[in-house]
Protein chains: 2
Amino acid sequence: MELSERQRRILKAIIESYIDTAEPVGSKSLAVSFDSPISSATIRNEMSELEERGLLEKPHVSAGRVPSYAAYRLYVNELMERHRTAYSELEQIRRRMQDIMREMDDIMVSAARVVSEMTNYTSVSVLNRRGGGRVKKCELIAMDEGWSYAVVLVGEREVRHKLLHLTAPVEPSMAAMLSTAVNLAIAEGRLEYLLPSMLHGIGAQSGMYMLIKGVIDFIRQTENASDVAEVYVSDTARLLDNREYQDIQRMRELLDYMSDRSNVRDMVSRGAPERINIRIGPELDEPSMRDVSLVFTTYAVDRDTKGIIGIVAPTRMDYAAACAKLAAFAKAVSGMNELGEKIKDTGEDDEYRNGKPGGEA
Amino acid sequence: MELSERQRRILKAIIESYIDTAEPVGSKSLAVSFDSPISSATIRNEMSELEERGLLEKPHVSAGRVPSYAAYRLYVNELMERHRTAYSELEQIRRRMQDIMREMDDIMVSAARVVSEMTNYTSVSVLNRRGGGRVKKCELIAMDEGWSYAVVLVGEREVRHKLLHLTAPVEPSMAAMLSTAVNLAIAEGRLEYLLPSMLHGIGAQSGMYMLIKGVIDFIRQTENASDVAEVYVSDTARLLDNREYQDIQRMRELLDYMSDRSNVRDMVSRGAPERINIRIGPELDEPSMRDVSLVFTTYAVDRDTKGIIGIVAPTRMDYAAACAKLAAFAKAVSGMNELGEKIKDTGEDDEYRNGKPGGEA
DNA sequence: TGTTAGCACTCGGAAGCTAAGAGTGCTAAA
DNA sequence: TTTAGCACTCTTAGCTTCCGAGTGCTAACA
């Protein structure tokens, strides 16, 4: 049977109270907080039904109720009110983003900072590059008399560099030629023939060979980086703010898990694009993350680069606020140029439903 | 009066036991751990004298003694045995460093990782660039039809890049000219005349003007970066391992403080170069750092770049091990090329004495 | 039939108490 | 000068008690 309207209202009130105070919610205190007066006894009855359905739990018999994970799921799917984001706020996010990017030149880190500041939660930021033919140009810059070279690759909207230290020197003029050759090969899409075609002229020990090889390896590496995602986690210390984390051991496990970038990447990579994704505690399938939720979304950086920005916070985080802020962020950043009419529907067309369908608790 | 030899031995034993177990040390348990049998009563007498001198403290009357900060100071200054570092270990550090640098291309982060792995403590890593005439070369790379440029600066052993987004396009050929002009100006050391001399030909609104200005600003910024230090803190989560940090509030304060890079930079910038510096708890003059010590040293990256690498751990950290590892690290990295005879004196000529002279507790 | 008041019951947490144990300081003897 | 012995102190763990918040049930009420 479906939940009654009143049950939904009660559940929503419980969840929001718990989000607010982190204290188990009792029937009496809840009763007074309602506009239309319902007695605590009625609430108790409803509560016990909600408990039977696995939506509430009691830490112990006389401590009030606490929402279960399934309840949070229901909450974000059906109960939660979406916040509107004012145009002014979008503008503000945009400006903040531009400010920080001016000093950082790294959209991933900037995004993490901005979101972390906006929400007061720990944020995770991932930059995903689609692989394939991305590198447009390559420059070689001599550093110390031909023993080291800076290799600079330019992609769509992005620059990467790497230092190559050689064991045999290469004349800068030689390197310039080489650079031209490589760029030509890139333009004509026949990079793979370059190395073999040059090899018979020069020894495999020569600095030149090493330089070409280094450059080509770096290009390959950058291009094949279809899932070479960069990961940045900002402000982990904020996780310590949460009351539920009195258990320092579990905290430690959580921080440990999060400090491994590949874990973070994996978690957010299974999200639906262009949606606000919510993963609540156990849905993440990772013991150390059992007590936190992850809310994240993607934003377009350019045609081949996708940013993922998210929040990690205890399961009782303020989902509504988190979703609103992330949606606003994605809007503000993706639409950096055509920020206009599209604003009006912020939050309305976002699809929060996902995670495991139906709370099977 | 000076401490007697026996007192010193007892103090040393107490400190080392406390470093080991984090438990207050009692007279009885200490008595049995000595080779030459001293009775617990004797030790008690000595202990109470050490306490009068401010070297020991009791958490409460029946809990054994705990070293005071002054005792740690004395310990690192006079009592501690310096570990020798085997040649093989240096070799190992060097290899590890090379491995990590291969994948990271960032000496600062690599150093932090290596040290943190070696010691199992949280590590801090700072890269300090001396300012003044550093930029050797500059390249401009067009990205999308002249609207964006990648500016690449090459220094002694280092490459930095930045994206410039213009509001008016600049022809790539024009940019090439510009780049030549800038490089010429750099070579002749008259960069400051460049902008004024070009200004009257072009409008201040033009893309070209913005591009030159952007480039020159970036060069200035990079060059004036005499104290633009990059800071990296690795593995903060390890700080949570410590028994003394049951107090989550103080932990939080500590992490907060450390997450501000400028704080970290300030802490390590006041160190004597080429020495192992030790700052014990209160010597750091920062309330949230009261219960941790900082051990750090410098290593040369190149003529104008100085790396600082350090460890942050509870005051009862293993100073001897920390010093040895850091000394080894600095040796291994600084001497990357001429690793040989100089190895033998590892640890012997390092000067650990510093911090506030004399423990005035 | 749904809602509410009332009441007995449960259980966790705080407060208070006790006993055990570790460690000290002092004294007196070796 | 060192040591053995002993009285004393103080923390900690374990136990008990008590309070109160919150529940579940029943019976009355709308």
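The notes below deal with the structure included here.

About the criteria used
Residues numbered from 1 in each chain as written. Chains lettered and ligands numbered in written order. Predicted model: local features only at pLDDT ≥ 70, side-chain atom pairs only at ≥ 80, totals over all residues. Heavy atoms only, no water. Pairing = 2+ DSSP bridges. Helix = DSSP H or I, 4+ residues; strand = E, 2+ residues; numbered from the N terminus. Axes fitted to C-alpha atoms, helices over the stretch in contact; angles between N-to-C directions. Contact = heavy atoms within 4.5 Å. Salt bridge = Lys/Arg side-chain N within 4 Å of Asp/Glu carboxyl O. Polar contact = N/O pair within 3.5 Å; in protein donor to acceptor, adjacent residues only side chain to side chain. Nonpolar A, V, L, I, M, F, W, Y, C, P; charged D, E, K, R; others polar. Near = heavy atom within 4 Å. Least-squares fit on C-alpha atoms with pLDDT ≥ 70 in both. Parallel < 35°, antiparallel > 145°, perpendicular 65-115°, else oblique. Left-handed = near helix turned anticlockwise from the far one by under 90°. Buried < 20%, exposed > 50% of the residue type's maximum accessible area, 1.4 Å probe, protein only.

Before going further, it helps to examine the sheet that holds strand 5 (residues 148-154) of chain A. All names here are of chain A. Taken in spatial order, the three strands make up an open sheet running 4-5-6, and their pairing is antiparallel. If you trace the sheet from one side to the other, it starts and ends with strand 4 (137-142) and strand 6 (159-165), each paired once. With direction set aside, neighbouring strand axes in the sheet form an average angle of 20°. Its contacts with the sheet put helix 7 (residues 172-188) on strand 4 and strand 5, and the angle it makes with strand 4 is roughly 170°. Strands strand 4, strand 5 and strand 6 of the sheet are contacted by helix 9 (residues 207-223), whose axis makes an angle of about 150° with strand 6.

Our next topic: the interface of chain A and chain B. Taken together, the contacts link 36 residues of chain A with 36 residues of chain B. If you look at where chain A meets chain B, you find zero salt bridges. At the boundary of chain A with chain B, the tally comes to three residue pairs in polar contact (both at pLDDT 80 or more). Elements with a contribution of two residues or more to the side of chain A that touches chain B: strand 4, strand 5, strand 6 and helix 10 (248-259) of chain A. No other element matches the six residues that strand 6 of chain A contributes to the side of chain A that touches chain B. Residue composition of the side of chain A that touches chain B, by class: 15 nonpolar, four polar and 17 charged.

Our next topic: the protein's contact with DNA strand C. In the vicinity of DNA strand C there are 22 residues, among which Arg6, Thr42, His60 and Val61 of chain A together with Ser27 of chain B approach most closely. At 3.1 Å, a side-chain N or O of Ser62 of chain A approaches a base oxygen of DNA strand C. For the surface near DNA strand C, the secondary-structure elements that each account for two or more residues are helix 3 (40-52) of chain A together with helix 3 (40-52) of chain B. At four residues, the largest contribution of residues to the surface near DNA strand C is made by helix 3 of chain A. Partitioned by chemical class, the residues of the surface near DNA strand C number seven nonpolar, 10 polar and five charged.

Attention now goes to the relation of the copies chain A and chain B. Of the two same-sequence chains, chain A is brought onto chain B (RMSD 0.1 Å, axial shift 0.1 Å) by a rotation of 180°. Between the two chains, the operation in question is that of a two-fold axis. The share of interface residues of chain A whose copies in chain B are also at the interface is 100%, consistent with both copies meeting through the same surface.

Before going further, it helps to examine the packing of helix 8 (residues 191-199) of chain A against helix 9 of chain A. Residues and elements named next belong to chain A. Relative orientation of the contacting elements helix 8 and helix 9 amounts to 165°, with a least axis distance of 11 Å. Taken as axis vectors, helix 8 and helix 9 run roughly antiparallel relative to one another. As for how helix 8 packs across helix 9, the hand of that crossing is left-handed. From helix 8, Leu191, Glu192, Leu194, Leu195, Met198 and Leu199 reach across to helix 9, where they touch Met208, Tyr209, Ile212, Lys213, Ile216, Ile219 and Arg220.

Residues and elements named next belong to chain A. Across the interface, helix 1 (residues 5-21) lies against helix 4 (residues 69-79) with an axial gap of 11 Å and an inter-helix angle of 110°. The angle between helix 1 and helix 4 falls in the class roughly perpendicular. Note on packing geometry: the crossing formed by helix 1 with helix 4 is left-handed. In this structure, helix 1 contributes Arg8, Leu11, Lys12, Ile15, Glu16, Tyr18 and Ile19 to the contact, and helix 4 contributes Ala71, Tyr72, Leu74, Tyr75, Glu78 and Leu79. Its residues placed into classes, the contact of helix 1 with helix 4 shows nine nonpolar, no polar and four charged.

As a matter of local geometry, DNA strand D sits amid 20 residues, with Ser27 and Lys58 of chain A together with Thr42, Val61 and Ser62 of chain B nearest to it. Close to the protein, within 4 Å, the atoms of DNA strand D are drawn from sugar and phosphate at a rate of 75%. Between DNA strand D and Arg6 of chain B, the relevant distance is 3.0 Å, taken from a phosphate oxygen to a side-chain nitrogen or oxygen of the residue. For DNA strand D, a phosphate oxygen lies 2.5 Å from a polar atom in the side chain of Thr42 of chain B.

A word on the pattern of salt bridges. Residue and element names in this part refer to chain A. Enumeration according to the criterion identifies 38 salt bridges over all chains in this entry. The closest approach of N and O atoms between Glu283 and Arg73, which form a salt bridge, is 2.5 Å. Here Glu283, found in the loop between strand 8 (277-280) and strand 9 (292-302), pairs with Arg73, found in helix 4; they are 210 residues apart in sequence, far enough to count as distant. Here Glu283 falls in the buried class, since its relative accessible area comes to 16%. Between Arg190 and Glu188 there is a salt bridge whose closest N-O contact spans 2.6 Å. Classification of Arg190 as partly exposed rests on a relative accessible area of 32%. Salt bridges linked by common partners bring Lys12, Glu16 and Glu81 together as one network.

Structural measurements only, silent on function.
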